[in-house]
Each structure stands twice: as structure tokens, then as C-alpha cells.
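These are the residues of each chain, in order.
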Amino acid sequence: MTHRIAIAPSGFKESLSAARVAEAIAVGVRRVIPDADLDLIPLVDGGEGTAEALALAGGGRLVPCTATGPVGEPVASHFALLGGGTAPGPLTAVVEMAAVAGLALVPPGLRHPGATTTYGVGELIRAALDSGARRILIGCGDSGTSDGGAGALQALGARLTDRHGRELRTGGGVLHELERVDPSGLDPRLARTELLVACNPYNVLCGKRGVARVFGPQKGATPAEVELLSAGLERLADVLTRDLAPAFPPATGAPVDLRTAPGTGASGGLGAGLAAVGARLLPRYDVLLDGLDLDARLARADFVITAEGALDHQTVRGKIPAEVARRAHACGVPVLVLAGTIGPGAQDVRAVGVDAYSSILPAPMTLVEAIGRSGEFLADATERAMRIMALGTRLAPLAA
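Structural notes, computed from the coordinates. (Residues numbered from 1 in each chain as written. Predicted model: local features only at pLDDT ≥ 70, side-chain atom pairs only at ≥ 80, totals over all residues. Heavy atoms only, no water.)

An order of 2-1-11-12-13 is seen for the five strands of this open sheet, with the pairing classed as parallel. Strands at the two margins of the open sheet, each flanked by one partner only, are strand 2 (37-40) and strand 13 (356-359). For this sheet, the mean angle separating the axes of adjacent strands, direction not counted, is 20°. Pairing of strand 12 (residues 335-342) with strand 13 involves four bridges; the strand directions are parallel. Note on strand 13: the bridge partner recorded for Val 337 is Tyr 357. Relative to strand 2, helix 1 (residues 18-32) is tilted by about 170°, and along the sheet it contacts strand 1 (4-7), strand 2, strand 11 (303-311) and strand 12. Contacts from helix 11 (residues 320-330) reach strand 11 and strand 12, with the element oriented near 160° to strand 11. (Pairing = 2+ DSSP bridges. Helix = DSSP H or I, 4+ residues; strand = E, 2+ residues; numbered from the N terminus. Axes fitted to C-alpha atoms, helices over the stretch in contact; angles between N-to-C directions. Contact = heavy atoms within 4.5 Å.)

Shown next as C-alpha cells:
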């Protein structure tokens with residue numbers, strides 16, 4: 001009997017792409033079941049690797065460029081053009097915010113989200129427009145910023161000023177000083193371009209679950225800085241709603257509530273900033289999994305293996321293993337999750353269809369060593385899991 005196994009992981013941040021994670025898991029499976037029928041489905045969530053993955057899946061190409069990084073210095077970045085311009089409809093570009101404003105681009109000693117900026121995201125959007133794109137997909141995830149997309153708006157031509165008419169510095173730490181947003185200098189091509197933001201709908205800009213309070217500490221903010229960022233984002237939502245809503249009325253339906261609408265908190269509030277200039281905020285998997293036929297591929301499998309760097313309370317709030325498990329569970333297919341670390345709340349994943357989960361780390365070690373050997377550990381952990389499953393299969397008749 002041939003075992004059909006679907007391998008559908010995310011990447012391990014700052015370590016392995018989703019494709020390399022899938023390949024490492026496949027190595028471990030084949031050590032135990034050499035003739036297994038493996039279906040490798042590397043998945044992205046809008047963060048690191050999204051542009052490259054969609055370019056490969058869509059017959060496109062990466063366009064290298066230099067843009068302003070999260071700490072204000074130039075960084076080597078890229079965006080993707082899909083289909084080489086031969087596909088019907090407008091040319092589509094993919095802007096991956098992590099490629100220019102991701103946490104991995106912020107040196108550990110400079111991880112102060114009040115100072116980091118999304119200015120480079122706006123520069124990539126302009127570069128995509130210069131390439132002829134009239135449909136731009138912005139992938140949100142793995143951000144090192146908390147400026148509500150203010151930097152991106154500045155790069156696109158908006159003026160953000162204080163009560164004295166002075167241009168605001170970049171970074172979320174000064175947003176509480178914002179008095180006005182002048183849209184007159186915004187790139188006019190935005191009005192003729194479809195902007196789609198692939199984001200986690202659980203992330204909102206303001207309130208008790210606002211993005212500064214949930215993710216600010218992870219990006220290096222102290223409790224006092226978290227409150228300052230929260231106040232600044234509240235102020236930004238007020239001013240954007242007042243000053244940009246007349247210039248960018250919603251195409252359909254009611255105006256987006258920039259404070260609490262699903263996805264407004266994506267990537268430190270980038271979702272809200274882009275929504276203010278007409279972008280549509282969409283659940284990321286509705287956009288990013290399009291064309292993969294994921295449900296049918298999971299349904300054909302006897303068993304699914306997925307993976308992510310950290311399994312914890314945030315996993316069930318829109319992370320890839322939870323999405324894979326939810327879909328596989330609907331098909332009656334069991335799911336194993338492999339993770340770099342297991343944190344508080346990991347047990348919650350059982351509610352979305354995960355049957356078992358395990359850490360890949362064989363012993364306590366430094367983060368640097370774990371990152372450097374993650375491919376090796378993934379293969380070994382997969383082998384251990386498969387051997388335990390094989391043993392359970394042999395014991396099942398005895399137990400019966």
C-alpha cells in the first residue's frame with residue numbers, strides 16, 4: 001500500500017523558506033517510508049518569501065531594487081511581477097513588506113518600533129507602478145514596524161504634518177503629534193490601481209487587541225512605548241479618516257473603520273494606512289492560496305504534516321498550521337505539526353484539527369545553533385515521528 005502524505009508547512013523565520021522546510025520533512029519521511037507518495041505544498045502567509053513563492057507559482061520573476069529599510073538605511077530588496085506580462089488582465093506585482101521592512105532587517109540593538117518605518121514599502125509600490133503594474137498585492141507579515149503605514153504613505157507622496165505644519169519624522173513614536181495628512185501629492189496612479197492587502201484578519205489597529213499592544217513588545221517596545229504607540233495609532237486613524245476618506249471613497253459598501261476593521265493592524269498597522277488610500281484588506285489565505293487547489297490536495301492525502309517556527313497561543317489566530325489543520329480536518333485527514341519551539345497555548349491547536357504536535361529540538365541550545373541546524377533537526381524530528389507512527393500501527397492489532 002502506498003502512503004500518500006501531504007507536506008504543507010510555512011517557513012521558519014530567519015532560517016528556512018517554506019520550500020526548504022518541506023524538503024527537509026520529505027527527507028525524514030523517506031528514511032522510514034522510501035516509497036511514500038509525497039505532495040510538497042510549501043505555503044506562505046504574506047511574510048518572508050511570499051514574493052518569491054508567488055513568482056515561482058505564477059510563472060513570474062523577481063525584480064531586484066534598493067529601497068529604504070526599516071531603520072532608514074538603504075537595503076537590497078525586491079518585488080515580483082507575475083506572468084511576465086503575458087497573462088490576461090492588468091500586470092500584477094507582489095510587494096512583500098518583509099523584504100523591505102521586516103523584523104529580520106532590524107539589527108537586535110535597534111529594535112525600537114517607535115523609530116522603524118514602512119517608507120520602503122511605499123517605495124516598492126512606486127517601483128511596481130513604474131514597471132507597469134496596475135494590480136498590486138501587498139503581503140503583510142514578519143514586520144519590524146509599528147507606524148500604521150505612515151512611512152509608506154509618505155513615500156507615496158502624502159504629507160503628514162504636526163500642528164505647526166512641519167513634516168513628521170518617520171516612525172510610530174511621533175504619530176501622537178500628527179495634525180494633518182495632505183493627500184494632494186499622492187501618486188495619481190494609485191487611483192487607477194487595484195491594491196490588495198493579504199493580511200491576518202485577526203489583527204486590528206486599535207483597542208485592547210490593537211497591534212501595538214499585541215506585537216509591540218515582540219518588536220522591542222517597553223510598556224511605556226506600547227502606550228505611546230497605541231495613542232499614536234489612534235490619532236493616525238482619526239486623521240486618516242478625516243483627511244483621506246473624501247479623496248478615497250469606498251468602491252462598494254460602507255467606509256472601512258480604520259480602528260477595528262479586520263486586517264487594519266496588519267504589519268504594525270500598514271493595513272490601515274493602505275486602506276486609507278483605497279486598498280482592499282483581504283484574508284491572506286483567500287489570496288495567497290488561490291491556484292494551489294489546497295483543499296483537494298489535502299483530501300487526497302492519508303496524512304498531513306505541517307510546520308512553523310513557533311507553536312503557541314498565536315497559532316490558532318490565523319497561522320499556517322491552523323489553516324492547514326482546519327482544512328484537513330474538514331476532509332477527515334489527520335494532521336501532525338512540527339515546530340521549532342512549543343509555547344504557552346500550543347494545546348489550543350487541537351481545537352482546529354491538529355492531532356499531534358512536537359518540537360524538532362533534540363536538546364536545549366542557543367537560538368543561533370537552532371537556526372543554523374533547523375533543516376537537520378526537521379528531518380530528524382520527522383523521522384522520529386514516522387517511526388513512532390509505524391510502531392503504533394504494528395501495535396494496533398495487539399491492542400485490539
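Having seen the model, we can carry on.
Note on placement: Thr 145 falls in the loop between strand 6 (135-139) and helix 5 (150-155). For Thr 145, a relative accessible area of 0% translates into the label buried. Setting aside residues up to four positions removed in sequence, Thr 145 forms contacts with Pro 70, Met 97, Ala 101, Thr 116, Thr 117, Thr 118, Lys 219, Ser 267 and Gly 268. (Buried < 20%, exposed > 50% of the residue type's maximum accessible area, 1.4 Å probe, protein only.)

What follows is about the nonpolar core. Membership of the largest hydrophobic core comes to 64 residues, with the highest contact counts inside it found for Phe 79, Val 121, Ile 125, Ile 136 and Ile 138. Setting aside residues no more than four positions away along its own chain, Ile 138 makes contact with Val 95, Ile 125, Leu 195, Leu 196, Val 197, Ala 198, Leu 270 and Leu 274. Ala 24, Ile 33, Ile 305 and Leu 378 belong to the second largest nonpolar core, which has 24 residues in total. (Core = buried A, V, L, I, M, F, W, Y, C linked by side-chain atoms within 4.5 Å.)

Further remarks concern the pattern of salt bridges. The tally for this structure, following the rule as stated, stands at 26 salt bridges. The partner of Asp 45 in a salt bridge is Arg 284, and the shortest N-O contact between them spans 3.9 Å. Of this pair, Asp 45 sits in the loop between strand 2 and helix 2 (50-57) while Arg 284 sits in helix 9 (residues 284-288), and the two are 239 residues apart along the sequence. Accessibility assignment for this pair places Asp 45 and Arg 284 in one class, buried. With a shortest N-O distance of 4.0 Å, Arg 180 and Asp 182 are connected by a salt bridge. Its relative accessible area of 43% is what places Arg 180 among the partly exposed residues. Using a relative accessible area of 15% as the deciding quantity, one classes Asp 182 as buried. (Salt bridge = Lys/Arg side-chain N within 4 Å of Asp/Glu carboxyl O.)

Moving on, we come to the pairing of strand 5 (residues 92-96). Regular strands place their side chains on alternate faces of the sheet. Within strand 5, five of the five residues are buried, leaving the element largely enclosed by the surrounding structure. Side chains of strand 5 alternate between two faces, with Thr 92, Val 94 and Glu 96 and Ala 93 and Val 95 buried alike. In terms of strand pairing, strand 4 (residues 74-82) meets strand 5 through three bridges, oriented antiparallel. When the bridges of strand 5 are listed, Leu 81 appears paired with Ala 93.

Let's shift gears to the sheet that holds strand 4. Strand order in the open sheet formed by six strands is 3-4-5-6-9-10, and the pairing between neighbours is mixed. Each edge of the open sheet carries a strand with a single partner, namely strand 3 (61-68) and strand 10 (280-283). On average, adjacent strands in this sheet sit at an angle of 30° to one another, irrespective of strand direction. In the sheet, strand 3 pairs with strand 4 via eight bridges, with the strands oriented antiparallel. Paired with Ala 67 across the bridge in strand 4 is Val 75. Here helix 4 (residues 119-130) sits on the sheet in contact with strand 3, strand 4, strand 5 and strand 6, set at roughly 135° to strand 3.

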